[in-house]
Structure formats: structure tokens, C-alpha cells
Amino acid sequence: MEIKKAIEAVKREMKPSMGCTEPVAIGLAVSRTCALLEKPATHLDMVISSNIFKNAYSVQIPNAGTNGIALSCVLGYLLSNPNNTMEIFAKIKPEHVTEGKRLVKEGFVKVEVLKSSQFYIACTASNETEQAYTITEDSHDNLVYAEKDKKVLINNRKEDNNEESEEDFDITAYTFRDFYEAAENVDVKDLAFIQEGVEMNLAIAEKGLSAPYAIGVGYIMKKMEEEGKLSKDMVTDVKLVTAAASDFRMSGGNGSVMTYLGSGNQGLATMLPAAVAAKHLQVSAEKLLRGEFLGMLIVMYMKKYVGRLSPVCGATFAGAGSAAAMVYMMGGDLEAITGAVQNMMGGVAGMFCDGAKGGCALKLSICAGEAVYAAMYAMNGGIIQATDGIIGFSAEDTARNIAKISHEGLDELDMQVIGIMQDKQQ
């Protein structure tokens with residue numbers, strides 16, 4: 001395994017974002033599209049895939065005090081700038097929200113939902129004399145196509161470009177043994193960027209513990225711990241810190257998190273459990289970074305099969321990576337590391353995604369806590385066997401089995417979830 005390429009692949013998938021990444025991606029796509037026009041747009045036509053709808057529908061928009069897909073679109077228009085990033089909503093001011101709500105009410109934007117698990121946002125921005133059209137595909141800030149008045153400006157769509165990028169890194173060409181050896185042999189100085197992500201996410205967790213944001217999972221757990229109703233131990237600490245960060249983020253808190261593989265909650269659930277556990281295990285900063293690197297490669301591997309957005313909750317895969325990182329920090333061997341991943345999948349693999357919202361903190365807390373248990377079971381020889389359900393003879397097999405269930409068995413799940421969400425608003 002080429003460690004340098006692996007490091008670059010992980011680094012590319014770590015990006016700061018303020019707010020849930022789906023409404024942010026929508027706003028960013030609109031912003032980039034409107035920036036192509038000489039005069040302000042007078043109408044927006046959007047086509048978004050079902051998974052994006054699901055994750056943008058309920059979650060709070062940072063600095064807006066409310067939610068809404070149409071509002072996310074209009075805020076992107078009001079903040080139009082070709083240099084915007086996934087932190088675009090840090091620029092929202094009260095007057096933007098007031099104007100945005102007015103434009104939504106007047107029908108400034110039309111949104112169509114495409115039945116697809118692919119990450120897809122198509123935006124058409126028009127005025128009396130101009131029209132701009134863009135496609136964002138596969139990841140949140142991946143603008144692959146742009147045209148202005150039918151003239152193509154950018155075309156990086158896969159179907160039109162068959163040449164392999166020099167940056168391509170096929171994680172599925174490797175095994176968990178390769179990931180373990182990479183973690184052992186990497187120059188820890190090259191992992192400083194992971195430490196930056198961990199620190200950013202720990203800072204958000206601190207904010208989440210200061211008040212009951214969203215439903216206040218982390219804040220309440222901390223309060224119960226202080227009252228003696230929950231024990232002060234590694235499991236409780238891992239759960240409440242991870243949950244608190246999600247509480248703050250899902251409530252639209254004014255602060256950025258380090259995402260991983262396009263998801264803020266996935267970034268939190270991948271980096272925070274091991275970081276908190278490291279304090280209890282009293283391991284070195286170097287050991288933590290090597291463990292985090294191992295866990296992040298494993299999460300990337302599993303998500304490559306399942307997809308960036310899927311009917312299965314991403315916290316389950318992040319938890320698997322965290323469990324592997326913890327075993328590594330405890331001095332476990334490859335068998336224990338893969339065993340911890342198997343234990344996680346045997347325990348939480350059935351958790352489905354019903355969109356981004358305050359309740360995500362509950363799922364992150366569950367997966368973070370189970371990651372600790374999965375690691376400790378494996379360290380003590382307790383590993384789920386391939387005779388059990390979807391568990392394969394290897395962790396790699398299990399990843400492929402879960403992907404099959406996600407793509408084939410749960411094909412209609414997202415549309416059912418969307419239907420339920422829409423019915424609640426009628």
C-alpha cells in the first residue's frame with residue numbers, strides 16, 4: 001500500500017463545514033451557479049436526489065434559526081460568490097434570513113426530488129436575459145458541470161471523462177491488514193492534519209456541553225453523570241462528548257466541524273470516540289494519531305462499498321472505525337482489530353438513516369458507546385462469528401454484505417422515509 005496516497009486520500013475527505021453538509025451543499029451549489037450570471041437571478045430550479053432531500057429537510061441552518069430546503073437555496077443565492085466554501089453559511093445575517101423567507105414565500109425557487117441514492121444537485125439560475133446551469137455530483141462541493149447560456153464552461157462528469165485522475169485512490173484494492181501495516185509504518189508527522197480535525201471537533205463538543213442544544217443528549221448525560229446517575233467512565237465520556245458535538249451542530253450552532261467523507265456527523269463519530277478514549281487509556285498522542293488513521297481508512301473502505309449517502313446510518317461505519325482505533329490503542333493485533341469491526345456490524349448494522357436532525361445525536365451516542373464495547377469484547381477474545389446473519393468470514397466480506405443490503409434490500413427505504421416526512425407537513 002502506498003502510504004503517501006492513502007494519507008492524501010484521507011486528507012481530501014476532511015473539510016471544515018458549518019452546519020449539516022446537505023443544506024450547505026445546496027446553498028453552495030446555488031451560490032456557484034448564480035455567480036455565473038451578470039445580473040441577479042430571478043428564479044431557481046433545483047433537482048436534488050432523494051438522499052439529499054432526506055438530510056436537508058429537517059436540520060437547522062446555521063445562523064438562520066430555522067430549517068428548509070428552499071430557504072437553503074435562497075440563502076445560497078443571497079450569498080452568491082464563486083469563492084464560497086462549505087462554510088458559506090457562516091456569512092448569514094438576520095437580513096438574509098428575512099429576505100430569504102420572503103423570496104421562498106413568493107415562489108423564487110422550485111425543488112424537484114429525484115429518486116436516486118446518488119449525491120446529485122442540479123441548479124438552474126435564470127433572469128430575463130441569462131441562464132446558468134450546474135451539476136454537483138458524488139460529493140458535497142464537487143462541481144462537475146457548468147454552463148452559461150448553453151455554453152459549456154466546466155465538464156468533469158465521469159460519463160464524459162474516462163481518463164483516470166492522478167488523485168484516484170481505490171481503497172477497495174487493499175485489505176484491513178494493509179491498513180494496519182500503514183498505521184504502524186506511517187511517519188506520524190504526516191498525520192498532523194488529523195490532529196487538527198480532532199481538536200476542531202473537540203472544541204465543538206465543548207460548546208455542545210455548555211447548554212442543551214437540540215434535544216441536549218450530551219448536556220443531559222453530563223448532568224446525570226455529575227448527579228451520580230451515570231457512572232464516570234470511558235463509555236459514558238465517549239458517548240456524551242460525541243453526542244454533544246452533534247447536538248450543537250444539528251441545532252445550527254455557529255461553529256465549524258471537521259467533516260469526513262462529506263459528513264459532519266461522520267467526522268464527529270469517526271474522530272471523537274478514539275480521542276476521548278485515548279485520555280482514559282492514557283496513550284500517547286502518536287498512538288492516538290496512528291489509531292485514528294487506521295480507523296479512517298476502515299471507514300473509507302466500508303463507505304466506498306455502501307456509498308457516500310445511503311439508507312444505512314453513517315454513524316455505524318464511523319463507529320466501526322472508532323472501535324478499530326481503540327483496539328489499536330489498547331495494543332490489539334489485526335485479529336482483534338477486525339474482530340472489533342465485526343462486533344460493531346453485528347450490533348448496529350441495521351440502523352437506518354432517517355435524515356439529518358437533532359435526533360442524530362442519539363444515534364451517534366449509541367454507536368460511540370458500542371464502539372467501546374466492541375473493542376473491549378474483541379480485546380478479550382469475544383468476536384462475533386461468520387455463522388451469524390450478515391457477518392462474513394472477514395470484515396471485508398461483511399462490508400460487501402452490508403453494501404448489498406443497502407443497495408438492493410433497502411432500495412425503497414429512502415422514498416418511504418421521505419413520504420413520512422412530507423406527510424407530517426400536510
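This text goes with the structure placed above it.
Everything quoted here is computed from the prediction, not taken from an experiment.

Colleague: Explain the side chain of Asn127 residue by residue, including any values.
Modeller: By the secondary structure assignment, Asn127 is in the loop between strand S6 (120-126) and strand S7 (131-137). A distance of 3.1 Å separates the side chain of Asn127 from the backbone oxygen of Lys39, its partner in a polar contact. Of note is the side chain of Asn127, whose polar atom sits 2.7 Å from the backbone nitrogen of Glu130. With residues near it in sequence (within four places) discarded, Asn127 still touches Leu37, Lys39, Pro40, Ala41 and Thr42.

Colleague: For the packing of helix H10 (residues 264-281) against helix H14 (residues 360-379), give the residues involved together with the corresponding values.
Modeller: Running from N to C, H10 and H14 point in directions that differ by 30°, and their axes come no closer than 10 Å. Between H10 and H14, the crossing angle belongs to the class labelled roughly parallel. The interaxial crossing formed by H10 with H14 has right-handed handedness. Counting all contacts with H10, which are made through Asn265, Leu268, Ala269 and Pro273, the residues of H14 involved are Cys360, Leu364 and Ala368. Tallied by class, the residues present in the contact of H10 with H14 amount to six nonpolar, one polar and no charged.

Colleague: I'd like a rundown of the sheet that holds strand S8 (residues 143-148), residues and numbers included.
Modeller: Spatially, the six strands line up as an open sheet ordered S5-S2-S6-S7-S8-S9, and their pairing is mixed. The sheet is open, and its two edges are formed by strand S5 (109-114) and strand S9 (151-155), each paired on a single side. Across this sheet, the average inter-strand angle for adjacent strands is 10°, counted without regard to direction. Two strands pair when backbone bridges link them, and S6 and S7 are joined in this way by seven bridges, in the antiparallel orientation. Considered in S7, the bridge of Thr124 is made with Tyr133. The strands that helix H2 (residues 21-34) touches are strand S2 (43-49), S6, S7 and S8; relative to S6, the one it contacts most, it runs at about 40°.

Colleague: Summarise the state of the cysteines; cite the residues concerned and give the values.
Modeller: Two cysteines, two sulfur atoms, one covalent bond between them: this is a disulfide. Tallying each qualifying case throughout the model produces zero disulfides. Its sulfur unpaired, Cys20 is 7.4 Å from the next cysteine sulfur, which belongs to Cys360. Note on Cys20: relative accessible area 2%, which makes it buried. The cysteine Cys73 is free of any disulfide, with Cys123 supplying the nearest cysteine sulfur at 7.2 Å.

Colleague: Explain the packing of aromatic side chains residue by residue, including any values.
Modeller: Under the defined criterion, the tally for this structure stands at eleven aromatic pairs. Ring geometry for Tyr133 and Tyr145: centres 6.1 Å apart, planes at 65°, overall edge-to-face. In this pair, Tyr133 is assigned in strand S7 and Tyr145 in strand S8, connecting sequence segments twelve residues apart. Note on Phe169 and Tyr174: the rings are 5.6 Å apart at their centroids and 20° apart in plane angle, and the pair reads as stacked. Here Phe169 falls in the buried class, since its relative accessible area comes to 13%. Three or more aromatic residues link up through ring pairs in this structure, and these residues are Phe176, Phe179, Tyr301 and Tyr305. One Lys or Arg, Lys11, reaches over the ring of Phe193 and ends 5.1 Å from the middle of that ring. Against the face of Phe352 rests Lys363, its NZ or CZ located 5.4 Å from the ring centre.

Definitions and cut-offs
- Each chain carries its own residue numbering, running from 1 in the direction its sequence is written.
- Predicted model: local features are reported for residues with pLDDT of at least 70 only, side-chain atom pairs are reported and counted for 80 or more only, and whole-chain, interface and lining totals are derived from all residues.
- Excluded from the side-chain calculations are hydrogens and water; all other atoms, namely the structure's heavy atoms, are used.
- Numbering goes from the N terminus for both helices and strands, where a helix is a DSSP run of H or I of at least four residues and a strand is a run of E of at least two.
- Within 3.5 Å is the distance limit for a polar contact, defined as a pair of N or O atoms, with the added protein rule that one can donate a hydrogen and the other accept it, and that residues adjacent in sequence qualify only through two side-chain atoms.
- Only heavy atoms matter for contacts: two residues are in contact if any of them lie within 4.5 Å across the pair.
- Under this scheme, a helix contributes an axis fitted over its contacting stretch, all axes are lines through C-alpha atoms, and angles between N-to-C directions fall in the 0 to 180 degree range.
- Oblique is the label for any angle not covered by the other classes, which are roughly parallel (under 35 degrees), roughly antiparallel (over 145) and roughly perpendicular (65 to 115).
- Note: crossing handedness is left-handed where the near helix turns anticlockwise from the far helix by less than a right angle, and right-handed where it turns clockwise.
- Under the convention adopted here, Pro, Cys and the residues Ala, Val, Leu, Ile, Met, Phe, Trp and Tyr are nonpolar, Asp, Glu, Lys and Arg are charged, and Gly plus all remaining residues are polar.
- Here the rule is simple: two strands pair whenever DSSP picks up at least two bridges between them.
- Defined by distance alone, a disulfide is two cysteine sulfur atoms within 2.5 Å.
- Burial classes follow relative accessibility: with a 1.4 Å probe on protein chains only, a residue under 20% of its type's maximum area counts as buried, one over 50% as exposed, and anything between as partly exposed.
- Pairing of aromatic side chains here covers Phe, Tyr and the six-membered ring of Trp, requires ring centres within 6.5 Å, and sorts the geometry by plane angle: under 30 degrees stacked, over 60 edge-to-face, intermediate tilted.
- A ring is scored as having a charge over it whenever the NZ atom of a lysine or the CZ atom of an arginine sits within 6 Å of its centre and within 35 degrees of its normal.

Treat this as a map of the structure, not an account of what it does.
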